[in-house]
Amino acid sequence: MKHRGFTLIEVLVALAVAAIGLGAALSVVTNATSNTVYLRDRVLASWLAANLITEMRLAPNLPDVTRTDGVTEYAGRNWKWEATVTQSQVEGLRRIDMEVREAGSDAGTSLGHMTGFASRAAFAGAAGMMGDPFDPASNGGTPIPQVPATAPVPGQPTIRIK
């Protein structure tokens, strides 16, 4: 007598192999998803750190040498940040170390760390020649040099800004 089909043991072994394979595939997908979420959080924290350092650099005065912290809403979430400003060996140059983490997380779980520098030394020469660099109305009594207009170069397109 000729049997067609599979025996019950063959079917159970095939199901066990398929279950192990599907479990491994599910584990890989779960790990990839959690890694993607973690990397997204790190990128957002780095962007926020860069934004906060830029705000400190663009302030009219150098940041105080101190440690400050706060909570900021960014990308629909709350983030806890801590900035440590230290004086460097160069006069007028301050170092800013920024740590960012999720608002509800522990202090040691930083997702983003960035270091920047704030200085007014770059404007010192310009301020001596043309007045306060942060006040466009002030030129310190010295006329601001005008850049002469150049004639268009033949064969190159001319860009006109109105």
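Presented here is an overview of the structure given in this document. Sequence order sets the numbering: in each chain, residues are counted from 1 along the sequence as written. In view of the model being predicted, local features appear only for residues whose pLDDT reaches at least 70, and side-chain atom pairs are presented and counted only at 80 or more, with totals across whole chains, interfaces and linings using the full set of residues. Based on all heavy atoms of the structure, the side-chain values leave hydrogens and waters out of the count.

## Let's talk about the overall build of the protein
Item 1. Secondary structure elements are defined from DSSP: runs of H or I of at least 4 residues count as helices, runs of E of at least 2 residues count as strands, and each element is numbered from the N terminus. When its secondary structure is counted, the protein shows two helices and four strands.
Item 2. Put simply, the protein runs from its N terminus to its C terminus through helices and strands in the order α-β-β-β-β-α.
Item 3. When a residue's accessible area, from a 1.4 Å probe over protein chains only, is under 20% of the maximum for its type it is buried; when over 50% it is exposed; and in between it is partly exposed. Counting only residues that meet the buried cut, the protein has 18% of its 162 residues in that class.
Item 4. Considering only contacts within the protein whose residues lie at least 6 apart along the sequence, 41% involve residues at least 24 apart.
Item 5. With residues, only the protein chains shown are counted as cover, and all accessible areas are computed by Shrake-Rupley using a 1.4 Å probe. For the protein, the computed accessible surface area is about 12,300 Å², with 62% contributed by carbon and sulfur atoms. Whether two residues are in contact is decided by their heavy atoms, any of which lying within 4.5 Å being enough.

## Some words on the pattern of salt bridges
Item 1. Think of a salt bridge as a Lys or Arg side-chain nitrogen and an Asp or Glu carboxyl oxygen that are within 4 Å of each other. Counted under the stated rule, the structure contains six salt bridges.
Item 2. As a salt-bridge pair, arginine 77 and aspartate 41 come within 2.6 Å of each other at their nearest N and O atoms. Remark: aspartate 41 occurs in helix H1 (residues 8–58) and arginine 77 occurs in strand E2 (residues 77–87); sequence separation between them is 36 residues.
Item 3. Of the residues examined, aspartate 41 reaches a relative accessible area of 8% and is grouped as buried.
Item 4. For arginine 77, the salt bridge identified is with glutamate 102, shortest N-O distance 2.5 Å. Highlighted residues: arginine 77 in strand E2 and glutamate 102 in strand E3 (residues 93–102), separated in sequence by 25 residues.
Item 5. Take glutamate 102: its relative accessible area is 32%, and that puts it in the partly exposed class.

## Observations regarding the environment of arginine 42
Item 1. When you line up the elements, arginine 42 lands in helix H1.
Item 2. Owing to a relative accessible area of 37%, arginine 42 belongs among the partly exposed residues under this scheme.
Item 3. Through-space distance from the C-alpha of arginine 42 to that of arginine 101 is 8.8 Å; in sequence the pair is 59 residues apart.

## With respect to the side chain of arginine 94
Item 1. For arginine 94, the location among the structural elements is in strand E3.
Item 2. An unpaired buried charge is present at arginine 94: no salt bridge exists, and aspartate 64, the closest side chain of opposite charge, is 5.1 Å distant.
Item 3. In the analysis that follows, any N or O atom pair within 3.5 Å is treated as a polar contact, provided that within protein one partner can donate a hydrogen and the other can accept it, and provided that, for residues neighboring in sequence, both atoms belong to side chains. Only 2.4 Å separates the side chain of arginine 94 from the backbone oxygen of proline 63, close enough to count as a polar contact.
Item 4. The contacts of arginine 94, once residues within four sequence positions are left out, are Leu62, Pro63, Asp64, Val65, Val85, Thr86, Gln87, Gly116, Phe117 and Ala118. The sign given to each residue is positive for Lys and Arg and negative for Asp and Glu; His and the chain ends receive no count.

## Here's the deal with the sheet that holds strand E4 (residues 112–119)
Item 1. Only strands that DSSP links by at least two bridges are regarded as paired with each other. What the four strands build is an open sheet, ordered E1-E2-E3-E4; its pairing is antiparallel. Each edge of the open sheet carries a strand with a single partner, namely strand E1 (67–74) and E4. Averaged over all pairs of adjacent strands, the angle between their axes in this sheet comes to 25°, without regard to strand direction.
Item 2. Fitting a line to C-alpha atoms yields each axis, with helices limited to the stretch in contact; the angle taken between N-to-C directions then spans 0 to 180 degrees. Together, E1, E2, E3 and E4 form the strand contacts of H1, whose direction differs from that of E3 by roughly 145°.

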